[in-house]
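Residues per chain are reported as follows:
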Amino acid sequence: MTPLLTLKVHEQFQKALRAGAAELTCSLDLDRTTTSVTLEQSGWTWQGQRYPYLEKCKERTVYYWRDGEFAPVSRFGSSLIKLVPTDWGPPTFEIDGIKMLVSEKISPYQDAQAKVALIEPRGKTILDTCGGLGYFAVWCLADAAAQIISFEKNPDVIWLRSLNPWSPPVGGALSLTQGDVSEKIAELPDASVDAILHDPPRFGIAGELYSQEFYDQLARVLRRGGRMFHYTGTPNKLTTGRDVPNEVATRLKRSGLKTRLHGDGVLASKGSR
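Source: prediction; values computed, not measured.

**Comments concerning the UniProt feature "domain: MnmC-like methyltransferase" (unreviewed entry) in the chain**
In the numbering used here, UniProt assigns the "domain: MnmC-like methyltransferase" (unreviewed entry) feature to residues 174-232. Across residues 174-232 one finds 24% helix and 36% strand; the C-alpha atoms that close the span lie 24 Å apart.

**Quick notes on helix α3 (residues 135-142)**
For α3, a buried count of six out of eight residues is recorded, marking the element as mostly surrounded by other parts of the structure. Every buried residue of α3 is accounted for by Tyr135, Phe136, Ala137, Val138, Trp139 and Cys140. Just past α3, the residue Ala144 takes up positive phi, approximately 65°.

**A few points about the side chain of Ser255**
With respect to the helices, strands and loops of the structure, Ser255 is situated in the loop between α8 (244-254) and β17 (258-262). For Ser255, a relative accessible area of 15% gives the class buried.

**A short note on the packing of aromatic side chains**
Going through the model one piece at a time under the given rule, you end up with twelve aromatic pairs. Plain terms: the ring middles of Phe13 and Trp44 are 5.0 Å apart, the flat faces sit at 45° to each other, and that makes the pair tilted. Placement of the pair is Phe13 in helix α1 (residues 7-18) and Trp44 in strand β4 (residues 43-46), with a sequence separation of 31 residues. Judged by relative accessible area, Phe13 falls into the buried class, the value being 2%. Relative accessible area serves as the criterion here: at 0%, Trp44 is assigned to the buried category. Centre to centre, the rings of Tyr109 and Trp166 are 4.9 Å apart; their planes meet at 75°, and the pair counts as edge-to-face. Of this pair, Tyr109 sits in helix α2 (residues 108-117) while Trp166 is found in the loop between α4 (155-163) and β14 (174-178), placing the two residues 57 residues apart along the sequence. The pair formed by Tyr109 and Trp166 is uniform in burial state, with each residue classed as buried. Over the face of the ring belonging to Trp166 we find Arg32, whose NZ or CZ atom lies 4.5 Å from the ring centre.

**A short note on the side chain of Lys270**
Note on placement: Lys270 falls in the segment after β18 (265-269). Side-chain polar atoms of Lys270 contact the backbone oxygen of Leu222, separated by 2.8 Å. Beyond its immediate stretch of four places on either side in the chain, Lys270 contacts Ala219, Arg220, Leu222, Arg223, Arg224, Gly225, Gly226 and Leu257.

**Comments concerning the pattern of salt bridges**
This structure, assessed with the given rule, holds twelve salt bridges. For Arg122, the salt bridge is made with Asp143, and the minimal N-O distance between the two is 3.1 Å. In this pair, Arg122 is assigned in the loop between α2 and β12 (125-128) and Asp143 in the loop between α3 and β13 (147-152), connecting sequence segments 21 residues apart. Exposure remark for Arg122: the relative accessible area of 55% places this residue in the exposed category. Salt bridges sharing partners connect three or more residues here, namely Asp111, Lys115 and Asp264.

**As for the environment of Pro200**
Its location among the elements puts Pro200 in the loop between β15 (193-198) and α6 (212-221). When its relative accessible area of 6% is taken as the criterion, Pro200 is described as buried. Considering only alpha carbons, one finds Pro200 and Thr35, 165 residues apart in sequence, at a separation of 36 Å. Those residues within four positions of Pro200 in sequence are excluded, and the remaining contacts are Cys130, Leu209, Tyr210, His230 and Tyr231.

**A short note on the nonpolar core**
In this structure, Val73, Leu83, Phe93, Ile126, Leu160 and Leu197 are the most contacted members of the largest nonpolar core, which totals 37 residues. In terms of residue count, the dominant contributor to this core is α3 (six residues). Among all residues touching Leu160, those that are not within four sequence positions of it are Val73, Ile81, Lys82, Leu83, Phe93 and Leu133. Core analysis: the second largest hydrophobic core is formed by 26 residues, Phe151, Phe214, Val221 and Leu257 among them.

**Digging into the state of the cysteines**
A covalent bond between the sulfur atoms of two cysteines is referred to as a disulfide. Evaluation of the coordinates by the stated rule reveals zero disulfides. Here Cys130 is not disulfide-linked; the sulfur of Cys140 is the nearest cysteine sulfur, at 14 Å. We classify Cys140 as buried; its relative accessible area is 1%.

**Things to note about the packing of α2 against α3**
Interaxial distance between α2 and α3 falls to 8 Å at its minimum, and their mutual angle equals 55°. As judged from the angle between their axes, α2 and α3 are oblique. α3 is crossed by α2, and the crossing has right-handed handedness. Mapping the contact onto sequence places Pro108, Tyr109, Gln110, Ala112, Gln113, Lys115 and Val116 in α2 and Tyr135, Phe136, Val138, Trp139 and Cys140 in α3. Partitioned by chemical class, the residues of the contact of α2 with α3 number nine nonpolar, two polar and one charged.

Scoring rules and cut-offs
- Residues numbered from 1 in each chain as written.
- Predicted model: local features only at pLDDT ≥ 70, side-chain atom pairs only at ≥ 80, totals over all residues.
- Heavy atoms only, no water.
- UniProt positions renumbered as here; feature names shortened; annotations may be inferred.
- Helix = DSSP H or I, 4+ residues; strand = E, 2+ residues; numbered from the N terminus.
- Buried < 20%, exposed > 50% of the residue type's maximum accessible area, 1.4 Å probe, protein only.
- Phe/Tyr/Trp six-rings, centres within 6.5 Å; stacked < 30°, edge-to-face > 60°.
- Lys NZ or Arg CZ within 6 Å of the ring centre and 35° of its normal.
- Polar contact = N/O pair within 3.5 Å; in protein donor to acceptor, adjacent residues only side chain to side chain.
- Contact = heavy atoms within 4.5 Å.
- Salt bridge = Lys/Arg side-chain N within 4 Å of Asp/Glu carboxyl O.
- Core = buried A, V, L, I, M, F, W, Y, C linked by side-chain atoms within 4.5 Å.
- Disulfide = S-S within 2.5 Å.
- Axes fitted to C-alpha atoms, helices over the stretch in contact; angles between N-to-C directions.
- Parallel < 35°, antiparallel > 145°, perpendicular 65-115°, else oblique.
- Left-handed = near helix turned anticlockwise from the far one by under 90°.
- Nonpolar A, V, L, I, M, F, W, Y, C, P; charged D, E, K, R; others polar.

The structure is reproduced here in structure tokens:
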């Protein structure tokens, strides 16, 4: 396991050094656990390995140990993708500066728990369309879902998961496929899932995941009596007056689903025979 550093931990190191402390209890896994490190002016030791202090430490950045130095948990391919610490412990992530998970007023981890509860995953087969950091999957597993079928289009996001101690391991009930769910969903059989969690990027980034064609596919794979929660947020409401939640609800109704607005999204269901 690589130690993960943030500005919070860096400042704890500096404060302890100024106080002349030889040891510090802190978290090196984004507040998931605490551990002890040995401090010296020239560096610090953890689990028998010596590390240097960060020369510069930026806000909103997580650092990991790579090739003998600490580097930001970020990658730049077609987009800049980075893990971003939060006050809650579990991190969020950004794509080109756009935050992908809520974190200002609630932990993204606890937000995921509340949304997962809406589809009552126990014993069910769940389609997790946009896996992200895997927080939906965490709570589906915690509530004993029978199977979670998860897709994530961006390989760099999957890499973020590999370094995030709050992301779930893949295996057992959880499968994770690197691929575009708007294409992969055609491979799923009719009525093959009991519930769906759909948390797509904003419309401007992934409009295909808000299309009538895709919603028809979601309705096709959902069994009778099944539920879906579709996160929408309220993008552009203040600037353009656009009402994305009601636009989504209208399209889902065209796909044959019953809908109602719920919190920051749309809760849908497929009627029983």
